[in-house]
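Architecture at a glance
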Amino acid sequence: MLEGKNVNLRIMEKEDLALITEWCNNIEFGGEFLSPLQRSRAEWEKSGESPFETKVFIIEKKDGSKIGFIWHFNMLAPYAKMQEIGYGLVPSERGKGYCTETTQLMVDYLFLSKDIARIQATTHTKNVASQKVLEKVGFKREGTLRKLALIRGEKTDMFMFSILREEWKEPKILTKTA
């Protein structure tokens, strides 16, 4: 478990699969910037077997309520020395700082536990809230990935953000990864 001030992150377990499946197939959860992932429970279960080193964490408030997820993966190759992250929060918990704290915890965790040079994330070009989360954690916008995603039937541009190990320097929240 990764512990923050207001949230904890724990690795997704089998009992979380129904909730993750519900969230990711719910158009309200993704909001205007994401299409539902349309993944079955079985597909989520197999995500742990992915060649992309996928690991999904559940975001829990200190009272134990589950409010979202964050995941990391490497879509390129083992030699790429990087991880990509993605996250989602239930709509009622957005704008309260939970996503920023979660992202900082994940960045600390990845740089403390993996031999990587960078962490990257993409956002819809109009998703200002997600862009602010990444910037608060130290990510820099690198550029525009043109027509990268198909969202609600429309080919959409995305911004690429990244943080390099030397920009991170040291953990901001997490002190150990045990």
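This text follows the structure it describes.
The sections below set out a description of the structure shown in this document.

Procedures and definitions
- All residue numbers refer to position in the chain's written sequence, counted from 1.
- The predicted origin of the model limits local features to residues at a pLDDT of at least 70 and limits the giving and counting of side-chain atom pairs to 80 or more, whereas totals for whole chains, interfaces and linings rest on all residues.
- Computation of side-chain values covers all heavy atoms of the structure but excludes hydrogens and water.
- Each reported salt bridge corresponds to a side-chain nitrogen of Lys or Arg within 4 Å of a carboxyl oxygen of Asp or Glu.
- Put simply, DSSP marks the helices as runs of H or I at least four residues long and the strands as runs of E at least two long, and each gets a number from the N terminus on.
- Between buried and exposed lies partly exposed: a residue is buried under 20% and exposed over 50% of the maximum accessible area for its type, with that area taken using a 1.4 Å probe on protein chains only.
- The criterion used for residue contact is that any of the two residues' heavy atoms lie within 4.5 Å.
- The nonpolar core is taken to be a set of buried Ala, Val, Leu, Ile, Met, Phe, Trp, Tyr and Cys residues, with the residues joined through side-chain atoms within 4.5 Å.
- Any pair of Phe, Tyr and Trp rings, taking the six-membered ring for Trp, is counted once the centres come within 6.5 Å. Such a pair is stacked with planes under 30 degrees apart, edge-to-face with planes over 60 apart, and tilted for the rest.
- To sit over a ring, a charge needs its Lys NZ or Arg CZ within 6 Å of the ring centre and within 35 degrees of the ring normal.
- At least two bridges found by DSSP between two strands are what make those strands a pair.
- Fitting a line to C-alpha atoms yields each axis, with helices limited to the stretch in contact; the angle taken between N-to-C directions then spans 0 to 180 degrees.
- An arc is given here, and it is the one of the directions from the helix axis to the C-beta atoms.

Oppositely charged side chains may form a pair once their charged atoms are brought near each other. Evaluation of the coordinates by the stated rule reveals 7 salt bridges. The shortest N-O distance in the salt bridge between K66 and D16 comes to 2.9 Å. Highlighted residues: K66 in strand β4 (residues 66-73) and D16 in the loop between β2 (7-11) and α1 (17-24), separated in sequence by 50 residues. On the basis of relative accessible area, K66 is assigned to the partly exposed category, the value being 30%. The buried category is assigned to D16, whose relative accessible area is 1%. What you see here is one network of salt bridges that share partners, running through R10, D16, E60 and K66.

Our next topic: the environment of E28. Along the chain, E28 falls in helix α2 (residues 27-30). When the C-alpha atoms of E28 and P91 are compared, they prove to be 7.5 Å apart, with 63 residues separating the residues in sequence. If we skip the residues at most four places from it in the chain, E28 touches P91 and R94.

The next point concerns the nonpolar core. In this structure, L9, I20, I85, M106, V107, I119 and F139 are the most contacted members of the largest nonpolar core, which totals 42 residues. Considering every element that reaches this core, the biggest residue donor is helix α4 (residues 98-113), with 8 residues.

Counting across every chain of the model gives 7 aromatic pairs. With a centroid separation of 5.6 Å and 70° between ring planes, the pair formed by F57 and Y109 is classed as edge-to-face. Residue F57 is located in strand β3 (residues 55-61), and its partner Y109 is located in helix α4; the two are separated by 52 residues in the primary sequence. With a centroid separation of 6.4 Å and an interplanar angle of 85°, the aromatic rings of F69 and W71 are classed as edge-to-face. Judged by relative accessible area, which is 5%, F69 ranks as buried. Its guanidinium or amino end placed over the ring of F159, R141 lies 3.8 Å from that ring's centre, counting from NZ or CZ.

The 8 strands are arranged β1-β2-β3-β4-β5-β6-β8-β7 in an open sheet whose pairing can be described as mixed. What marks the edges here is a single partner per strand, and that holds for β1 (2-3) and β7 (140-151). Two elements, β3 and β4, share 6 bridges in a ladder whose sense is antiparallel. When the bridges of β4 are listed, E60 appears paired with K66. Docked against the sheet, α4 engages β1, β2, β3, β4, β5 (82-89), β6 (118-124) and β8 (154-164), running at close to 155° with respect to β5.

Here we come to helix α5 (residues 128-137). Those residues of α5 lying buried are S130, Q131, V133, L134 and V137. All buried residues of α5 project into a common sector of 155° when viewed along the axis, lining one side. Exposed positions of α5 whose direction lies more than 90 degrees from the buried face are A129 and K136. Looking at the buried side of α5, the elements it contacts are β5, α4, β6 and β8. Of the residues flanking the end of α5, it is G138, one or two places downstream, whose phi is positive at about 110°.

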